[in-house]
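So the chains spell out like this:
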Amino acid sequence: MAEDIRPITVALLAVPEVTASTLFGMVDLLSSAGRDWGFLTRGEAGAQRMQTRVVARQSEGFRASNNVWIRPDCMLDECPDPDIVCIPDFFVTPGSGIGGLFGPEVEWLKRCHQRGALMASACSGALLLAEAGLLDGLEATIHWGYIRSLSDYYPKVRVNAARVLITEGAGHRIILAGGGTSWQDLALVLIARFVGLKQAMEVARIYLVTWHDFGQLPFAALTSSPAAEDALVRKSQQWIADNYSVRSPVAKMAEVSGLPERSFIRRFRKATGYTPIKYVHTLRLEEAKQHLETGALPLEAVSSEIGYEDASFFSRLFRRSVGMTPAAYRRRFGGLRKAIAKSSL
C-alpha cells in the first residue's frame, strides 16, 4: 500500500501589482514536484507533493500588471494555515515606500509567520516582509532596482543585494530571492527542503533551470540615481555623463557647478546619495560593460577609454563592483549578446 503523504501547502500572495510570470511560474514549478518527472519519463504521473493556492485580499478576479487576469483561490482570511507563504514580486516605483498600501496583506503575513509558516519572497516581495517587521535585524536581498526602497524605508534591515538567495531568521524560516528569474532558485530550495533534493533536481531538469551562482551584481545597473532636483548638481551630472573619462573629474564637476570643491562634494552627496567620485566610477564602469559586451578591445584599451590609466586598478574596481572580472564579464555577457543576435536573424 502506497504511503499517504500529506501535501505541503503553499500560499502565494497576489496583490493587484503582482508580476504574473513569477506568480504562475512558481505555481508551475512547485506543483511539478513529485508529479511530472514520472509522467515525462514513464508516462505515469506521480503524486503531487506541493499544493498551491493563490491568495488575495478579495475573492473577485482582478487585472494584474501587464493586464493579466488573476483569479484567487481564496481570500486572506479564508486561507487555511499554510506551510509556506510565497510573495512574488510586484510593481512599485523604485525608491518609493509602500507604507499603508497593503495593510490587510501585512497583517496576514504576520499571522502566518506567528503560526509557524516559512516566509519566502522574490524580488520586490521582500518589501512586504520588511513592512511586516519580519526582516528587522536580518540580512536581506532584493532586486537591485529596489535597494533604496528597502534600505531607506527599513533601516533595521541589513541589505545585501549582491546575493541571489538568503536564508535568515529563527529556524531559517525566512528565505529571500533577489531579482529577475532568481525566483526559480527559490522554488528549487523550497522543493528540496520540504519534499527532497531528488525532486528538486527533477524539477530543475524538467524546466531547464540553471542556478544563479554568480549573484546579482553582473546584471545590475551600477547607478540608478535620477537627475538631482538641485539644479547645480544636476548640471554637473549632465556634464559628467559626456565627460566621464576626464582627469580629475570631481574638480571639473565642481568647476562646472560653480561651487568650491568641498562644498560641491557635500551638496552632491546630499542630492544623489553618492559621493562624486563614486558616481564617476559607476558611470565609467557602465560604459566599460558596454565595451566588453559589444567590442573586442583589449582590457588595457577599455580601461584607457573610460578614464583609467592603470588597467590593474580598473580590473580590481570592476570585480569589486560587478562581482566578476572584466574578462569573465566579456565571456558571459558578450557571448550572450552574440547568441541572441545570431538567433534573432
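Scroll up to find the structure this text is about.
This section reports on the structure supplied with the text. Everything numeric here is computed off the predicted structure, so don't read it as measured data. (Residues numbered from 1 in each chain as written. Predicted model: local features only at pLDDT ≥ 70, side-chain atom pairs only at ≥ 80, totals over all residues. Heavy atoms only, no water.)

Topic: the overall build of the chain
Stated precisely, the cut-off is as follows: A run of H or I in DSSP counts as a helix once it spans at least four residues, and a run of E counts as a strand once it spans at least two, with each numbered from the N terminus. The buried label applies to any residue whose accessible area, calculated with a 1.4 Å probe on protein chains only, is under 20% of its type's maximum; exposed applies above 50%, and partly exposed to all values in between. When checking whether two residues touch, look at their non-hydrogen atoms; a contact exists if any pair is within 4.5 Å. The sign given to each residue is positive for Lys and Arg and negative for Asp and Glu; His and the chain ends receive no count. Taken as the charge centre is NZ of Lys, CZ of Arg, CG of Asp or CD of Glu, depending on the residue.
Along the chain, the regular secondary structure elements total 14 helices and eleven strands. On the principal axes, the C-alpha backbone points of the chain span a range of 80 × 45 × 40 Å. Per-residue burial for the chain yields a buried fraction of 47% across its 345 residues. For the chain, the proportion of contacts with a sequence separation of at least 24, taken over those separated by at least 6, is 64%. Of the charged side chains in the chain, 40 are positive and 35 negative, and the gap between their average positions amounts to 5 Å.

Quick word on the pairing of strand S11 (residues 174-177)
Applied cut-off: By this definition, two strands are paired if DSSP reports at least two bridges between them.
On S11, burial covers both faces: Ile-174 and Leu-176 on one face and Ile-175 and Ala-177 on the other are all buried. In this structure, strand S7 (residues 118-122) lies alongside S11, joined through four bridges in parallel fashion. When the sheet's bridge partners are listed, Met-119 is paired in S11 with Ile-174. Relative to S11, strand S10 (residues 165-168) runs antiparallel, the two being bridged by four bridges. By the bridge assignment, Ile-166 is partnered in S11 with Leu-176. The hairpin turn running from S10 into S11, its antiparallel successor, is five residues long, and Gly-169 in that turn takes a positive phi close to 85°.

Examining the packing of helix H6 (residues 183-194) against helix H7 (residues 197-207)
Selection criterion: Only the stretch in contact is used when fitting a helix axis, every axis being a line fitted to C-alpha atoms; angles between N-to-C directions are given from 0 to 180 degrees. Any angle from 65 to 115 degrees is called roughly perpendicular, while one under 35 is roughly parallel, one over 145 is roughly antiparallel, and all others are oblique. Note on convention: the crossing is left-handed when the near helix lies turned anticlockwise from the far helix by less than a right angle, right-handed when the turn is clockwise. Polar here means any residue other than Ala, Val, Leu, Ile, Met, Phe, Trp, Tyr, Cys and Pro, which are nonpolar, and Asp, Glu, Lys and Arg, which are charged; Gly is therefore polar.
Running from N to C, H6 and H7 point in directions that differ by 150°, and their axes come no closer than 7 Å. What the angle tells us is that H6 and H7 run roughly antiparallel. As H6 packs across H7, the resulting crossing turns out to be right-handed. Counting all contacts with H6, which are made through Leu-188, Ile-191 and Ala-192, the residues of H7 involved are Leu-197, Gln-199, Ala-200, Val-203 and Ala-204. Among the residues forming the contact of H6 with H7, the class breakdown is seven nonpolar, one polar and no charged.

Focus on the sheet that holds S7
Note on sheets: strands pair through backbone hydrogen bonds, and any given pair is parallel or antiparallel. Reading across the sheet, the seven strands line up as S5-S2-S1-S6-S7-S11-S10 and stay open at both edges, with mixed pairing between neighbours. Whereas interior strands pair on both sides, the edge strands pair on one side only; in this sheet they are strand S5 (74-75) and S10. Each of strand S1 (8-13), strand S2 (50-56), strand S6 (84-87), S7, S10 and S11 is contacted by H6, which is oriented at about 160° to S7, the strand it contacts most.

A closer look at the pattern of salt bridges
Using the following cut-off: Think of a salt bridge as a Lys or Arg side-chain nitrogen and an Asp or Glu carboxyl oxygen that are within 4 Å of each other.
Throughout the structure, instances matching the rule amount to 14 salt bridges. For Glu-202, the salt bridge identified is with Lys-198, shortest N-O distance 2.7 Å. Linking Glu-202 with Lys-198, this pair stays in helix H7, spanning four residues, or about one helical turn. On the accessibility criterion, Glu-202 (10% relative accessible area) is buried. We classify Lys-198 as exposed; its relative accessible area is 57%.

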